[in-house]
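# Understanding the architecture of this molecule
Each chain is listed here by its residues.
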Amino acid sequence: ELLDRQMEWWLFKVVWAFSTGVFGLLAAVMFCYSVRTSLLGCFKLGMKIYHPSSPGIPGVPGGLDALEAIVLVLSPAGLALVFCHMGDCVDTAALLLGLCLGEVASFCA
């Protein structure tokens with residue numbers, strides 16, 4: 001039915017392109033925040049290794065605090081694996097690597 005009406009077909013294409021772009025931006029933001037939490041997890045693990053007597057969350061044993069930090073560190077890798085499985089692996093990996101390097105550079109600068 002849309003093939004008979006040219007205007008509605010172009011409107012459908014424009015709406016589809018905008019929605020795909022918005023979902024792509026949301027995925028990029030999600031990955032950037034995942035990289036930031038990974039950096040926080042690295043910091044927490046470093047504190048646990050170099051200062052084992054440092055206080056963690058009150059009422060939570062040190063092992064759970066370290067486990068939380070390990071999950072935070074591994075979350076970008078899991079997210080990247082899911083994104084690569086959904087799309088073209090080489091292009092997606094290059095995009096995610098660029099996002100990761102940019103986020104680490106902006107965080108450490």
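Here's a quick rundown of the structure.

Rules used in this analysis
- Residues numbered from 1 in each chain as written.
- Predicted model: local features only at pLDDT ≥ 70, side-chain atom pairs only at ≥ 80, totals over all residues.
- Heavy atoms only, no water.
- Salt bridge = Lys/Arg side-chain N within 4 Å of Asp/Glu carboxyl O.
- Helix = DSSP H or I, 4+ residues; strand = E, 2+ residues; numbered from the N terminus.
- Buried < 20%, exposed > 50% of the residue type's maximum accessible area, 1.4 Å probe, protein only.
- Patch = residues over 30% accessible without salt bridge, like charges linked within 9 Å, V, L, I, M, F, W, Y side chains within 5 Å.
- Areas by Shrake-Rupley, 256 points an atom, 1.4 Å probe, with all protein chains shown as cover.
- Core = buried A, V, L, I, M, F, W, Y, C linked by side-chain atoms within 4.5 Å.
- Contact = heavy atoms within 4.5 Å.

### Focus on the pattern of salt bridges
Applying the stated criterion across every chain, the model contains 1 salt bridge. A salt bridge links R36 to E103; its shortest N-O distance comes to 2.3 Å. Taken together, the positions of R36 in helix α1 (residues 6–50) and E103 in helix α3 (residues 89–108) put the pair 67 residues apart, joining distant regions of the chain. Classification of E103 as buried rests on a relative accessible area of 9%.

### Side note on a nonpolar patch on the surface
A surface patch of nonpolar side chains, about 330 Å² in accessible area, is lined by V22, F23 and L26. Looking at where F23 falls in the secondary structure, it is placed in helix α1.

### Re the nonpolar core
Membership of the largest hydrophobic core is limited to 6 residues, which are F31, V35, L79, A80, F83 and L96. Only α1 and α2 (62–86) provide two or more residues apiece to this core. Considering every element that reaches this core, the biggest residue donor is α2, with 3 residues. Residues in contact with L96, not counting those within four places in the same chain, are F31, A80 and F83.

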